[in-house]
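# Breakdown of the fold
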Amino acid sequence: AGLDVPLTVKIRLLPDREATIDYAQRIVLAGASVLTVHGRNKDEKAQRVGSVDWAMIKRVREAIGIPLIANGGISSPEDIEQCLLDTGA
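Notes on the structure follow. (Residues numbered from 1 in each chain as written. Predicted model: local features only at pLDDT ≥ 70, side-chain atom pairs only at ≥ 80, totals over all residues. Heavy atoms only, no water.)

### Some details on the sheet that holds strand S3 (residues 68-71)
Quick note on the threshold: Whether two strands pair comes down to DSSP finding at least two bridges between them. Secondary structure elements are defined from DSSP: runs of H or I of at least 4 residues count as helices, runs of E of at least 2 residues count as strands, and each element is numbered from the N terminus. A fitted line through C-alpha atoms represents every axis, and for helices the fit uses only the stretch in contact; the resulting angles, taken between N-to-C directions, go from 0 to 180 degrees. Residues are treated as being in contact if the distance between any of their heavy atoms lies within 4.5 Å.
Spatially, the three strands line up as an open sheet ordered S1-S2-S3, and their pairing is parallel. Both edges of this open sheet fall to strand S1 (8-12) and S3, since each of them pairs with a single strand only. On average, adjacent strands in this sheet sit at an angle of 20° to one another, irrespective of strand direction. Docked against the sheet, helix H1 (residues 17-29) engages S1 and strand S2 (34-38), running at close to 170° with respect to S1.

Next up, the structure:
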């Protein structure tokens, strides 16, 4: 994409999981250097918080060719370990 500076982007999962992968790939093609993926969609916050979909974060990681940062669902050191195991991020 010919950017002169590194570009980092953060997204949430889309309700359509396949669309999330397509979206992430388009972000990479647009020139992103690093992608952060929050493992919930935009409606899953406040009173409607669901569990984080680390498996989907892993699928996104496997579909892109840039570093990925997994985001969401971390409240203890054990959560960090599980996130790393589940996502490979």
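### With respect to the side chain of Thr36
Stated precisely, the cut-off is as follows: Any residue under 20% of the maximum accessible area for its type is buried, any over 50% is exposed, and the rest in between are partly exposed; the area is computed with a 1.4 Å probe on protein chains only.
Turning to its location among the elements, Thr36 is positioned in strand S2. A relative accessible area of 15% means that Thr36 is categorised as buried. If sequence neighbours within four positions are ignored, Thr36 has contacts with Val9, Lys10, Ile11, Ile69 and Asn71.

### As for the pairing of S2
Heads up, the rule is: Crossover handedness is defined here as right-handed if the route from the first strand over the helix to the second strand goes clockwise, with the strands pointing away from the viewer.
Buried residues dominate S2, accounting for four of its five residues. In this sheet, S2 lies alongside S1 in parallel orientation, the contact comprising five bridges. Bridge assignment links Thr8 to a residue of S2, and that residue is Val34. Read from S1 through H1 to S2, the crossover connection turns out right-handed. With four bridges connecting them, S2 and S3 associate as parallel partners. By the bridge assignment, His38 is partnered in S3 with Asn71.

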